[in-house]
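The residues making up each chain are set out below.
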Amino acid sequence: MGVAVAVMWLVEFVDQLTRGSLDALGIHSWDLASLPSVFLAPWLHAGWPHLIANTLPFAVFGFLVLLGGALRAVFATLWSVVVSGLFAWLLSPPNTVTIGASGLIFGWLTYLLTRGIFARNGKQILLAVLIFAVYGGILWGVLPSQAGVSWQAHLGGAIGGVLAAWFPHRRNARTHG
């Protein structure tokens, strides 16, 4: 996680040196050519305050997701990034550019909150309760509330995280439910 955080900070440093030129690589709503930016947008931020706000939850949730294993972390990350990016691309107003790691952060958060339920794992459920007690309030970010903040990416990331938690256990749910 330390390397990932360092890369985000390095990218923002380069972005600042180039007067924000990297921000144009974000997700441009309804622009098909912009779809590959779904994978770039989480690394881009709209200045130092934006990056600072995302750094701690990115590091904490990313670390906790990694504790479950590298393969599961990659799986949860891809689901979160792709669904978040597609929601931002499809649901944002025309000519909107979406950047930032918060869609991924919401994905990791909901992954951590729901994986214990799908896995029927008491330790993971306990961890989810603790995470919810500390960070649960940020879930309000999936609703439209503040201009310039992509609730679309937040909502998509949250849905992607739940899907990532559910998908490996879907067969168990059918045979036991």
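Scope of this entry: the structure provided in the associated data block. (Residues numbered from 1 in each chain as written. Predicted model: local features only at pLDDT ≥ 70, side-chain atom pairs only at ≥ 80, totals over all residues. Heavy atoms only, no water.)

## Some details on the overall build of the chain
Using the following cut-off: In this description a helix means any DSSP run of H or I spanning at least four residues, a strand means any run of E spanning at least two, and both kinds are numbered starting from the N terminus. Throughout, radius of gyration means the C-alpha value; the globule benchmark is 2.2 Å times the number of residues raised to the power 0.38. For every residue, the accessible area (1.4 Å probe, protein chains only) is compared with the maximum for its type, and the residue is labelled buried under 20%, exposed over 50%, or partly exposed between those bounds. A contact between two residues is defined here by any heavy atoms of the two lying within 4.5 Å.
Counting its regular elements, the chain contains seven helices and two strands. Scanning the chain from its N terminus toward the C terminus, one meets helices and strands in the order α-β-α-α-β-α-α-α-α. Taken against the 2.2 N^0.38 rule, which gives 16 Å for 177 residues, the C-alpha radius of gyration of the chain at 16 Å falls within 12% of a compact globule. Taking the principal axes of its C-alpha atoms as reference, the chain extends roughly 55 × 30 × 30 Å. Out of the 177 residues in the chain, the part that is buried amounts to 42%. In the chain, of all internal contacts separated by at least 6 residues, the share reaching a separation of at least 24 is 79%.

## Brief notes about the side chain of S92
To keep it simple, the criterion reads: Two N or O atoms count as a polar contact when they lie within 3.5 Å, although within protein this holds only if one can serve as hydrogen donor and the other as acceptor, and sequence-adjacent residues are included solely when both atoms are side-chain atoms.
Structurally, the position occupied by S92 is in the loop between α3 (70–91) and β2 (97–98). For S92, the side chain forms a polar contact with the main-chain oxygen of A88, separated by 2.7 Å. The residues contacting S92, other than those within four sequence positions of it, are S29, W30, F87, T98, S150 and Q152.

## Re the packing of aromatic side chains
The way to describe two aromatic rings as a pair is by their centre distance and the angle between their planes. Here is the rule we go by: Centres within 6.5 Å make a pair out of two Phe, Tyr or Trp rings, where for Trp the six-membered ring is used; the pair is then stacked when the planes are under 30 degrees apart, edge-to-face when over 60, and tilted otherwise.
On inspection of all chains with the given rule, the structure shows nine aromatic pairs. Here the aromatic rings of W79 and F167 are separated by 6.0 Å at their centres, their planes lie at 40°, and the arrangement is tilted. In this pair, W79 sits in helix α3 while F167 sits in the loop between α6 (151–166) and α7 (170–176), placing the two residues 88 residues apart along the sequence. We classify W79 as partly exposed; its relative accessible area is 27%. Exposure remark for F167: the relative accessible area of 30% places this residue in the partly exposed category. Plain terms: the ring middles of W166 and F167 are 6.2 Å apart, the flat faces sit at 70° to each other, and that makes the pair edge-to-face. Grouping aromatic residues by their ring pairs yields a cluster made of F75, W79, W166 and F167.

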